[in-house]
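These are the residues of each chain, in order.
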Amino acid sequence: MRPFWLVSLLTGLSNLYAEGPAEALAKADSLADLRAWSRAEPFFIEAERGFTQVGDSRNALYATLGRIRGELPRRSNAEVSQQLAEILESPLAITDDRIRLRCLVIKGETDEDYDALLAEQDWREALSIAKRLNDNQWVNRANGELGIVAALQGKTSEGLFLLASALKAAEESQDLSSVVRWLSIIGQGFIQFGRPEEALKYFDRALAAGSPVEELRYPLMAYAGKVNALTKLGRTKEARELLASALTVARDHESLGYQAELLRTDALLAETAGLRDEAIAILQQALQFARSASANRILAEIYLDLGRLQIAAGQKKDAANSFKSGVEVARSMRERLLTPRLLAKFAESERSQGRAVEARELLQEASEVTEGLLAGVWSPWVKSRLVGIMDEVFLARVRLETGMGSAPDRLLPIIEQARGRALTDLLMGRGQGERNTAVAAKEGQRRISALQTQLWGVKSAVARQRLLDKIFRAESDMMAVSVQEDRKRQVELKRNPLRMTNLRQVLAPDEMLLEYVVDDPASFVLIVTREQASIQKLPGRTQLKKSVDIAWKAIQAGQDIDATLPLPELIRVPNIETKTRIIVVPDGDLHRLPFELLTTSKGARLLQSHAVSYSPSATALYFIRSQPHRDMPRNLLKNTPLPRI
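Closest axis-to-axis distance for the helix H2 (residues 21–33)/helix H3 (residues 37–53) pair is 8 Å, and the angle between their directions is 155 degrees. Taken together, H2 and H3 sit at an angle that is classed as roughly antiparallel. Classified by chirality, the crossing of H3 by H2 is left-handed. Taken together, the residues of H3 that come into contact with H2 (itself represented by Pro21, Ala22, Ala24, Leu25, Lys27, Ala28, Asp29, Leu31 and Ala32) are Trp37, Arg39, Ala40, Phe43, Phe44, Glu46, Ala47, Gly50 and Phe51. Residue composition of the contact of H2 with H3, grouped by class: 13 nonpolar, one polar and four charged.

Right, let's talk about helix H7 (residues 97–112) for a bit. A turn of α-helix holds 3.6 residues, and therefore any two residues three or four places apart point the same way. Over its 16 residues, H7 runs 22 Å from end to end, which matches the ideal 22 Å to within 8%, given 1.5 Å per residue. In terms of burial, H7 is a largely internal element, 14 of the 16 residues being buried. For H7, the N-terminal capping position is held by Asp96, with its side-chain oxygen 3.0 Å away from the main-chain nitrogen of Arg98.

Take the nonpolar core next. Counting residues in hydrophobic clusters, the biggest one holds 81 residues, and the most contacted among them are Trp182, Leu262, Ile302, Leu342 and Leu363. When residues no more than four places from it in sequence are discounted, the contact partners of Leu363 are Ala344, Ala347, Val393, Ala396, Arg397 and Leu400. One finds Val80, Ile106, Ala119 and Ala130 within the second-largest nonpolar core, a separate group that totals 41 residues.

Time to look at the sheet that holds strand E1 (residues 511–517). For sheets, the rule is that strands pair by backbone hydrogen bonds, running either parallel or antiparallel. An order of E3-E2-E1-E4-E5 is seen for the five strands of this open sheet, with the pairing classed as mixed. Each edge of the open sheet is held by one strand with a lone partner, namely strand E3 (533–539) and strand E5 (611–614). Averaged over all pairs of adjacent strands, the angle between their axes in this sheet comes to 25 degrees, without regard to strand direction. Sheet topology places strand E4 (residues 581–585) next to E5; four bridges connect them, and they run parallel. Considered in E5, the bridge of Arg581 is made with Ala611.

Counted according to the given criterion, the structure contains 50 salt bridges. Of the charged contacts in the structure, one is a salt bridge between Glu301 and Arg264, with a shortest N-O distance of 3.5 Å. Of this pair, Glu301 sits in helix H17 (residues 296–312) while Arg264 sits in helix H15 (residues 256–272), and the two are 37 residues apart along the sequence. Exposure remark for Glu301: the relative accessible area of 23% places this residue in the partly exposed category. Of the charged contacts, one joins Glu365 and Arg331 as a salt bridge, the two residues approaching to 2.5 Å between their closest N and O atoms. Of the two residues, Glu365 sits in helix H20 (residues 356–374) while Arg331 sits in helix H18 (residues 316–332), which places them 34 residues apart along the sequence. Each of Glu48, Arg67, Glu71, Arg75 and Glu79 takes part in salt bridges that share partners, so that together they form one network.

For helix H8 (residues 116–132), with 17 residues, the first-to-last C-alpha span of 24 Å sits near the 24 Å given by 1.5 Å per residue. What H8 keeps buried is the set Ala116, Leu118, Ala119, Glu120, Asp122, Trp123, Ala126, Leu127, Ile129 and Ala130. Taken from the residues just after H8, Asn134 is the one with a positive phi, measuring 55 degrees.

Counting buried residues in E1 gives seven out of seven residues, a clear majority hidden from the surface. Here E1 shows two buried faces, one formed by Glu511, Leu513, Glu515 and Val517 and the other by Met512, Leu514 and Tyr516. In the sheet, E1 pairs with E4 via five bridges, with the strands oriented parallel. Paired with Leu514 across the two strands is Val584, which belongs to E4. Two successive antiparallel strands, E1 and strand E2 (residues 522–529), enclose a turn made up of four residues.

Here the structure, examined in full by the defined rule, presents six aromatic pairs. Note on Trp37 and Phe44: the rings are 6.1 Å apart at their centroids and 20 degrees apart in plane angle, and the pair reads as stacked. For the pair Trp37 and Phe44, one class covers both residues: buried. An angle of 20 degrees between the planes, with centres 6.4 Å apart, marks the rings of Tyr218 and Tyr223 as stacked. For Tyr218, a relative accessible area of 28% corresponds to the partly exposed category.

Here the chain shows a mean pLDDT of 83. Residues at 70 or above account for 83%. Mean pLDDT values for the elements of the chain range from 40 in helix H30 (residues 634–638) up to 96 in helix H6 (residues 91–95). This model gives residues 1–18 a pLDDT under 50, and the stretch forms 26 contacts once residues within four places in sequence are excluded. Contacts from residues 630–645, a stretch scored under 50 in pLDDT, to residues over four places away or in other chains number 38 contacts.

Of note, the bond from Asp520 into Pro521 is cis; its omega dihedral lies within 30 degrees of zero at 10 degrees. Inspection of the secondary structure assignment puts Pro521 in the loop between E1 and E2. Positive phi, normally seen in glycine, also occurs at Arg35, with a value near 60 degrees. Tracing the sequence through the fold places Arg35 in the loop between H2 and H3. Not every positive phi belongs to a glycine, and Gln174 is a case in point at roughly 60 degrees. Examined against the element boundaries, Gln174 turns out to sit in the loop between helix H10 (156–173) and helix H11 (176–192).

One way to put it is that H15 packs onto helix H16 (residues 276–292) with a least axis distance of 8 Å and a crossing angle of 165 degrees. By the angle between their axes, H15 is roughly antiparallel relative to H16. In the packing of H15 onto H16, the handedness of the crossing is left-handed. Where H15 approaches H16, its residues Leu256, Gln259, Ala260, Leu263, Arg264, Asp266, Ala267, Ala270 and Glu271 are matched on the opposing element by Ala279, Ile282, Leu283, Gln285, Ala286, Phe289, Ala290 and Ser292.

What follows is about the environment of Leu362. Positionally, Leu362 belongs in helix H20. With a relative accessible area of 13%, Leu362 lands in the buried category.

Below, the discussion takes up the environment of Thr542. By the secondary structure assignment, Thr542 is in helix H27 (residues 541–556). Assessed through its relative accessible area of 44%, Thr542 is described here as partly exposed. A distance of 2.6 Å separates a polar atom in the side chain of Thr542 from a polar atom in the side chain of Asp520.

Procedures and definitions
Residues numbered from 1 in each chain as written. Predicted model: local features only at pLDDT ≥ 70, side-chain atom pairs only at ≥ 80, totals over all residues. Heavy atoms only, no water. Axes fitted to C-alpha atoms, helices over the stretch in contact; angles between N-to-C directions. Helix = DSSP H or I, 4+ residues; strand = E, 2+ residues; numbered from the N terminus. Parallel < 35°, antiparallel > 145°, perpendicular 65-115°, else oblique. Left-handed = near helix turned anticlockwise from the far one by under 90°. Contact = heavy atoms within 4.5 Å. Nonpolar A, V, L, I, M, F, W, Y, C, P; charged D, E, K, R; others polar. Expected span 1.5 Å × (residues − 1). Buried < 20%, exposed > 50% of the residue type's maximum accessible area, 1.4 Å probe, protein only. Polar contact = N/O pair within 3.5 Å; in protein donor to acceptor, adjacent residues only side chain to side chain. Core = buried A, V, L, I, M, F, W, Y, C linked by side-chain atoms within 4.5 Å. Pairing = 2+ DSSP bridges. Salt bridge = Lys/Arg side-chain N within 4 Å of Asp/Glu carboxyl O. Phe/Tyr/Trp six-rings, centres within 6.5 Å; stacked < 30°, edge-to-face > 60°. pLDDT = per-residue confidence, 0-100.

If you want it as structure tokens, here you go:
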């Protein structure tokens, strides 16, 4: 069976055989204006080829941009964003407002799913150009997209105002594709705020608005959103009936990628209803459609869901095959967010089958790939997503290492590779969303991007480490850092996560550091003093959350924390009575807990016997204490615990 995108491509090309590139571009543009990019793609390809043959570089580039947008479901958002950034620096994109506007629009849509800060820059410039061109439709569309970006960044009031104003203008001007898109997005927002009843009204409005236009009659976002709203309202039967109706339409139109996404939604509904076997069967059907459509991103997501369900069903071998296939697909498209997650799940599947060595290698690869992708990232938005994935990976590594009885010396670098990287960047002046636009910085970014691309083809851990060294050196060279010593130390910290010997050296003789890892089915605390280090097992995340909730309510009511709760276990560690100062690195729900109020094994509150301070990570503590300080004596910093953050 031919891939759906190839069938569409051949059909489009056969229809265009007697047409010229101008006619192809006009047809593509009319579909693109309705945001029907997949249907427009073959026309853009034909126009690109035709204009290239006659030497019309301007229109060839315009068609190329449309073709890139059509390819987006099969490619990495980050890779497409970088490609478009390079096009924006080309002479044509600099001098031709229409070319630049089209490039910014496509980049803005791409970046909304990747980096909200980049998307804001894209849409602000697009708005400026649209105003210069007196293009009212794109002025309004840019304003609406800026509203979405503002909401993504947590500026809810500003976002709603911009989006509501743009929606009203779009309704008045009959810009139906924008009306359908924005109504669907507003509906999704109401779902996130826990108001599915109101969300349902917006999805119904979106479906009604698109019904007069063939290309807008069956919008995936509106259908999926309405299904989600119905599910939240407990109307699961209606939700599945709606999905069945949408699937019928998708089959009639031979929309294979659309069917894959709808089937994935249906599988998740079946899982929610406790129908695990049915959900697995539906996902296996969805895989066939996603493969045929070459919809790589949805294909990788389906493999992730399928493997997770197969593990829950005890189908360990099948789960391993699903995760392995998902890794191959995600690697092929250089997908930054899915590849490490699939590697981590694949590793856990291997561990469950007793293949600890193979699991360790996969998790090491997941950590190194994510670490390499963090290089050159200036946006806190993207950094937080990558660090979140690192958190998933590090928990999997902690489970593996503790299960294998690994020593604290091995566990600390694993924890700090995920927990310490972003915080160290912030302490070094990075991560504020400020991007250096100098030529040298852009060249450095391109160099990093090229090196990151090589990560996907490297299988050897030794080769991967060499590549990471090059990435870190390139990142250091790109950054404007005033103190050369800081640059050296930064690169060193990234190449080599914090080691136990280094951490113990910055602890005073009367200090003990307690670094917590909260997980299910068990949590752990890493206990470090200048003399030694150990690991202690604690209750799991679920139990700790319940206990913290009860303790927090008691504190708010002015009551004592009940001594019968398992919370005292958090500080009942060996030799704590021999130290006078405790440094706590909390995790998860433990951030809400004032450790000073916990009781020691002798029945006294910790605040009565110890000075308690807090640190976001052991790496942050080490970095602050070990760097020279202009205003404070080094030995004072070294022996002063961090204040609570």
